[in-house]
Amino acid sequence: MFSGQGFASFYDWELYAMLLSGKPGLSWGIALGGFGSCLFAVIIYWRSQFCTPLLLLSVAAILVSFTFTGHMVSTPWYGKLALLLHLLTISLWMGSLLPLWQLTRIAETKTLASVMDNFGKLAMVFVGVLLVMGVVMLQMLLGDLRLLWQTAYGQTLLIKLTLVTLLLGLGASNKLLLVPQLAKPNAVKRLRAVIGIEIFTGMLVLGITAWATVVVGLEVG
């Protein structure tokens with residue numbers, strides 16, 4: 001996509017050298033270091049006191065790597081801060097779903113209800129931050145929100161926003177309807193099914209975000 005050469009660019013070593021020597025290379029290097037440190041912490045230091053600090057440092061590196069490339073790279077500091085908070089909160093939200101789904105299979109009903117209740121309270125905070133930072137980033141990228149339906153990039157974002165709205169609805173149904181009724185027959189199965197739908201929808205959101213960024217591209221100034 002960067003070179004316009006299609007699959008032939010995979011063999012263009014000069015292009016690789018140019019990318020790696022600039023901000024994309026710095027971004028990839030920091031992210032690779034972060035992911036490598038995460039893997040190292042999980043394998044070597046999982047039961048050690050150093051595991052949590054190393055994981056936090058690794059996550060910070062991965063988040064910071066996004067500020068060196070992408071559509072927000074030329075924005076002021078508060079644009080980059082909005083991006084970091086947006087990435088952090090979407091990671092907390094999406095990253096919690098698989099453990100919660102697994103918990104519905106192994107935990108007692110009372111424990112599950114307590115965990116889901118606490119998660120619902122935390123989710124209200126980081127989902128709120130996610131939405132506010134998303135609006136800030138959208139305004140900085142597009143300038144005029146009418147471009148949401150006037151450009152291919154904006155239309156792709158509208159699909160993403162529709163899926164995010166679905167995620168919010170599923171999360172609200174968990175908190176308000178399913179969790180209070182976990183003691184009833186089959187309630188845990190229904191909760192597990194809804195969380196599974198959330199996981200699938202979240203994967204679609206991430207996929208559409210990548211599609212909008214890499215394939216569609218930002219068409220406005």
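The model shown is predicted, which means the values in this text are computed figures rather than measured ones.

### Focus on the pattern of salt bridges
A side chain of one charge can pair with a side chain of the opposite charge when the charged atoms of the two come close.
Here's step 1: Using the criterion set out here, one finds one salt bridge in the structure.
Here's step 2: Across the pair K121 and D117 runs a salt bridge, and its minimum N-O distance is 3.5 Å. Here K121 pairs with D117, and both are found in helix α5 (residues 109–142), just four residues apart, close to one helical turn.
Here's step 3: On the accessibility criterion, D117 (34% relative accessible area) is partly exposed.

### A look at helix α3 (residues 51–65)
Here's step 1: With 15 residues, α3 should cover 21 Å at 1.5 Å per step; its first-to-last C-alpha distance of 21 Å lies within 8% of that length.
Here's step 2: Listed as buried for α3 are C51, S58, I62, L63 and S65. Down the axis of α3, the buried side of the element spans an arc of 160°, and every buried residue falls inside it. For α3, exposure combined with an orientation more than 90 degrees from the buried face picks out T52, L56 and L57.
Here's step 3: Summarising the contacts, the buried residues of α3 are in contact with α2 (23–44) and α4 (77–106).

### Looking at the packing of aromatic side chains
Here's step 1: All chains considered together, the criterion is met by two aromatic pairs.
Here's step 2: With 5.7 Å between their ring centres and 85° between their planes, W77 and Y78 make a pair best called edge-to-face.
Here's step 3: Judged by relative accessible area, Y78 falls into the partly exposed class, the value being 44%.

### As for the environment of K80
Here's step 1: With respect to the helices and strands, K80 occurs in helix α4.
Here's step 2: Other than its neighbours up to four places away in sequence, K80 contacts T67, M72, V73, S74 and T75.

### Focus on the nonpolar core
Here's step 1: Formed by 27 residues in total, the largest nonpolar core has its most connected members in W93, L112, M116, L182 and L191.
Here's step 2: Contributions of two or more residues to this core are made by α4, α5, α7 (152–178) and α8 (187–216).
Here's step 3: Once residues lying within four places of it in the same chain are set aside, the contact partners of L112 are L103, T104, A107, L182, V188 and L191.
Here's step 4: Residues A82, L87, L147 and L148 belong to the second largest nonpolar core, which totals 15 residues.

### Some remarks on the layout of surface pockets
Here's step 1: Its boundaries defined by the atoms lining it, the largest pocket holds a volume of some 2,000 Å³.
Here's step 2: Around the largest pocket sit 50 residues that line it, and F66, T209, A210, T213 and V214 are the ones nearest its centre.
Here's step 3: A breakdown of the residues in the lining of the largest pocket according to their chemical character gives 35 nonpolar, 14 polar and one charged.
Here's step 4: Looking at the second largest pocket, its volume works out to about 270 Å³.
Here's step 5: When contributions to the lining of the second largest pocket are tallied by element, the ones reaching two or more residues are α4, α5, α7 and α8.

### Thoughts on α4
Here's step 1: With 30 residues, α4 extends 44 Å between its outermost C-alpha atoms, agreeing within 8% with the 44 Å of an ideal straight helix rising 1.5 Å per residue.
Here's step 2: The axis of α4 is deflected most strongly, by about 30°, at L97, and proline P99 appears within four residues downstream.

### Focus: a nonpolar patch on the surface
Here's step 1: Where nonpolar side chains cluster on the molecular surface, the patch consists of F7, F10, Y11, W13, Y16, L20 and W28 and spans about 930 Å² of accessible area.
Here's step 2: At three residues, helix α1 (residues 13–20) tops the list of elements feeding residues into the nonpolar patch.
Here's step 3: Structurally, the position occupied by Y16 is in helix α1.
Here's step 4: Overall, Y16 belongs to the partly exposed group, its relative accessible area being 30%.

### Some details on the environment of I199
Here's step 1: With respect to the helices, strands and loops of the structure, I199 is situated in helix α8.
Here's step 2: Among the residues examined, I199 registers a relative accessible area of 24% and is labelled partly exposed.
Here's step 3: Taking the C-alpha atoms as reference points, I199 and L97, separated by 102 residues in sequence, lie 6.3 Å from one another.
Here's step 4: Not counting chain neighbours up to four residues away, the residues in contact with I199 comprise L97, L98 and W101.

About the thresholds
Residues numbered from 1 in each chain as written. Predicted model: local features only at pLDDT ≥ 70, side-chain atom pairs only at ≥ 80, totals over all residues. Heavy atoms only, no water. Salt bridge = Lys/Arg side-chain N within 4 Å of Asp/Glu carboxyl O. Helix = DSSP H or I, 4+ residues; strand = E, 2+ residues; numbered from the N terminus. Buried < 20%, exposed > 50% of the residue type's maximum accessible area, 1.4 Å probe, protein only. Expected span 1.5 Å × (residues − 1). Arc of directions from axis to C-beta. Contact = heavy atoms within 4.5 Å. Phe/Tyr/Trp six-rings, centres within 6.5 Å; stacked < 30°, edge-to-face > 60°. Core = buried A, V, L, I, M, F, W, Y, C linked by side-chain atoms within 4.5 Å. 1 Å grid on protein atoms, 1.4 Å probe; cavity = no way out; pocket = protein on both sides within 12 Å on 5 of 7 lines; lining within 4 Å. Points joined across faces, edges and corners; volume = space filled by probe spheres on them. Nonpolar A, V, L, I, M, F, W, Y, C, P; charged D, E, K, R; others polar. Bend = angle between axes of the 7 residues up to and from the residue. Patch = residues over 30% accessible without salt bridge, like charges linked within 9 Å, V, L, I, M, F, W, Y side chains within 5 Å. Areas by Shrake-Rupley, 256 points an atom, 1.4 Å probe, with all protein chains shown as cover.

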